[in-house]
Amino acid sequence: MPANPAASRNAADRVQIVPVEGGAALFTPEFRDYLVHLCDEFTARAHALRVKRDERLARALQQGRLPEPLPASAITTSDWKVPPVPKDLATPGIEISGPCSITSMFINALNPGPEGERAEGDLDDDEDSAGHRLIDTVRACHNRLAAVNHELQYTDRERNREYRIAPGELPFFMHRERGLHLDEPEVTVDGRPVSAAILGTALTLYYPGRAQASRGQGIYFYLPKVDGAEECAWYRDVFDRSRARLPFLKDATIRAIPLVEALPAVYEMEEMLHALGPYAAGLNAARWDLKASIFEFVMADPNSVWPDRFGVDIKTTPFLSNIFRRLVAVCLKHGAVPIGGMATALPNPDPEVNRVAAESIKADKVWEAEQGFIRAWVAHIFHMKTAAEPFKRVHGSGTWKPRPEMVKPESYPVRIEVPAGPITLEGTRRNARMVIEYVEAWLQGRGAKGIDSLAGKPGVHPALMEDLATGRMSVAQIAQRIRHSARTNQGPAATHDAALVKRLLQEECDDILRLMKSSDAQTEERYRKAVKIAQRWIKNYTDLDYRSLGSYTRADLDRIAAAPAAL
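Residues numbered from 1 in each chain as written. Predicted model: local features only at pLDDT ≥ 70, side-chain atom pairs only at ≥ 80, totals over all residues. Heavy atoms only, no water.

Turning our eyes to something else, we now look at the overall build of the chain. Counting secondary structure elements, the chain contains 19 helices and 15 strands. Scaling as 2.2 N^0.38, a compact globule of 567 residues should have a C-alpha radius of gyration of about 24 Å, and the chain matches this with 23 Å. C-alpha atoms of the chain, sized along the principal axes, occupy 65 × 55 × 55 Å. The burial tally for the chain puts 59% of its 567 residues in the buried class. (Helix = DSSP H or I, 4+ residues; strand = E, 2+ residues; numbered from the N terminus. Rg over C-alpha atoms; globule rule 2.2 N^0.38 Å. Buried < 20%, exposed > 50% of the residue type's maximum accessible area, 1.4 Å probe, protein only.)

Read around the closed barrel, the eight strands follow the order β2-β3-β6-β9-β10-β11-β12-β13; overall the barrel is parallel. Strand after strand, the sheet turns through a mean of 25° between neighbouring axes, direction not considered. As defined by bridge partners, strand β12 (residues 337-343) adjoins strand β13 (residues 375-378) across three bridges and the pair is classed as parallel. Bridge assignment links Ala 343 to a residue of β13, and that residue is Val 378. (Pairing = 2+ DSSP bridges. Axes fitted to C-alpha atoms, helices over the stretch in contact; angles between N-to-C directions.)

Now for the pattern of salt bridges. Applying the stated criterion across every chain, the model contains 54 salt bridges. One salt bridge connects Asp 136 with Arg 133, and the closest N-O pair in it is separated by 2.9 Å. Of the residues examined, Asp 136 reaches a relative accessible area of 2% and is grouped as buried. Through salt bridges with shared partners, one network takes in Asp 125, Glu 127, Asp 128, Arg 176, Lys 225, Glu 261, Asp 289, Glu 296 and Arg 472. (Salt bridge = Lys/Arg side-chain N within 4 Å of Asp/Glu carboxyl O.)

In this structure the tally under the stated criterion is 18 aromatic pairs. A centroid spacing of 5.3 Å and a plane angle of 35° characterise the contact between Phe 221 and Phe 239, whose relative ring orientation is tilted. Placement of the pair is Phe 221 in strand β9 (residues 219-223) and Phe 239 in helix α8 (residues 229-245), with a sequence separation of 18 residues. Accessibility expressed as a relative area gives 0% for Phe 239, which makes it buried. Measuring from centroid to centroid gives 4.7 Å for Tyr 541 and Tyr 546, while their planes differ by 45°, and the two rings are tilted. Residue classification places Tyr 546 among the buried positions, given a relative accessible area of 14%. Members of the aromatic cluster, each reached through a chain of ring pairs, are Phe 27, Phe 31, Tyr 34, Tyr 206, Tyr 207 and Phe 248. (Phe/Tyr/Trp six-rings, centres within 6.5 Å; stacked < 30°, edge-to-face > 60°.)

Moving on, we get to the pairing of β9. With five of five residues buried, β9 lies mostly within the body of the structure. The two faces of β9 match: Ile 219, Phe 221 and Leu 223 on one face and Tyr 220 and Tyr 222 on the other face are all buried. Where β9 lies against strand β10 (residues 254-260), five bridges are found, and the strand directions are parallel. Bridge pairing in β10 links Phe 221 to Ala 256.

With that settled, the discussion passes to the side chain of Thr 317. With respect to the helices and strands, Thr 317 occurs in the loop between α11 (287-298) and α12 (318-334). Looking at Thr 317, its side chain comes within polar contact range of the main-chain oxygen of Asp 313, at 2.7 Å. Residues contacting Thr 317, with those up to four places away along its chain left out, are Val 312 and Pro 419. (Polar contact = N/O pair within 3.5 Å; in protein donor to acceptor, adjacent residues only side chain to side chain. Contact = heavy atoms within 4.5 Å.)

In this section: the sheet that holds strand β8 (residues 192-195). With respect to topology, three strands assemble into an open sheet ordered β1-β7-β8, the strand pairing being antiparallel. The open sheet has two free edges, formed respectively by β1 (15-17) and β8, since each of these has just one partner strand. Strand-to-strand twist in this sheet, taken as the mean axis angle between neighbours without regard to direction, amounts to 55°.

Our next topic: unusual backbone geometry. You will see that Lys 225, though not glycine, has its phi angle at about 60°, which is positive. The topology assignment puts Lys 225 in the loop between β9 and α8. Residue classification places Lys 225 among the buried positions, given a relative accessible area of 10%. The residue Leu 544 is not glycine, and still its phi comes out positive at about 65°. Position of Leu 544 relative to the elements: it lies in the loop between α18 (521-542) and α19 (554-562).

Take the pairing of β10 next. Here β10 lies mainly inside the structure; seven of its seven residues are buried. Side-chain alternation along β10 places Ile 254, Ala 256, Pro 258 and Val 260 on one buried face and Arg 255, Ile 257 and Leu 259 on a second face that is also buried. What joins β9 to β10 is α8, and the crossover it makes is right-handed. Looking at chain direction, β10 and strand β11 (residues 282-285) are connected through two bridges and run parallel. (Right-handed = clockwise from strand over helix to strand, strands pointing away.)

Take it as geometry only, folks, not as evidence of what the structure does.
This is the structure in structure tokens:
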């Protein structure tokens, strides 16, 4: 008997898809058959992994028991190696990151920057910088396929601009799908929403993956929001099953790099690489989501209230530095590649703003390169060469040698501490502004937006390309301060509560609209809606409900905006 009682029916007929532009070309009977078989085999297991996540989080919130290392085993005490890493993934330099569902941005990312150089790799994202709708996932798949085939182009009729991929060798592609925590409500099997991770991975393997395999290219994935080794094993089995079911993948090179952005994953980095087996390639140091995850695990602890997040730098916060040094040590020990974090500064008409941004980016990437990271990410091609240079200089010649302690994970024990720094009203205000600006972009279907949280204030401060991770982190910090009635210890005296945060949100919304060169009634209404949604998101976090913004449909958000204010 089949595992699913409904499997005796024609598999493709069990799938229902909300019509979206471009969807019919992808959701063929053959693809739907493949999707159903993946869902039958892996959906229940994905749901069980979510339950384990919830249980782990509940232990922290209810009992104060943070995640901890697994018992020592041959995985952590022996010197096994991942399979030889493809040359692409071992290349020092930079990866350009952005939503591949926005065609103009995707083309720009694949093209040379101002100095005429392309990025080494492209993080074509359908996760934190994307809109988390079915239309985004469908567009991402079409754009990836067209890019692999060097056929991607776009006409912006409003601006009368043509976008085309410039001739020459393209960066290698790093595909990032939505995570295990999300479903796609607009695609159902037997009436139940499919796992967003299954859907995205299946589309990528079936379409751009097939094209990459036919060209002899590796098919590379970033794995977001993984909590540990069991979840990496789930992906390994999805890759195995897909390889067995799709003949064109039989001899293809498929590799994956988990993002270390969930606190439990910090303790299982070696086990995660091992669990991926033949698909293991490296680990990525995901900064913003990791901070957000720490906030979520310590949210109930009044002794763990953080200072303003803007001053908590990876390079100068010892316990965070050690987490990422440990990541590098794990990779060096097992022959994997360590990938650093994101440089998010955007270009500015003011040369002085660009100079300050470049200095900050260079200092950050020099630190990463010297710790052993071979590559990192950048949000805009304008700063691509600046961000790439330290990695090419330190690692490009192949002569860099780590110090003995740098290859030993035990040199960097994991400790979760409260960083040093001030708690200020200005820090909360900047978080509030960031969340409003981000949600406003989300309401337009965009998962990434250039935001200056200090807009209108003196000083030199470039806008940053912010995505869902920054929104999550900002909401978590505001909620933590409300939950524990945090008092400011620098600047104007204040005690955080819902009324204070509600006032700050309103003031920041008014200031955003005031600074706009022009705004119409529709824009103002969208910002007012963003404030209402931000309040609900913050209230959820104060109630220890960490539901992702990506799990809400746009209809859900409309209902929130129409309901009484949450704060």
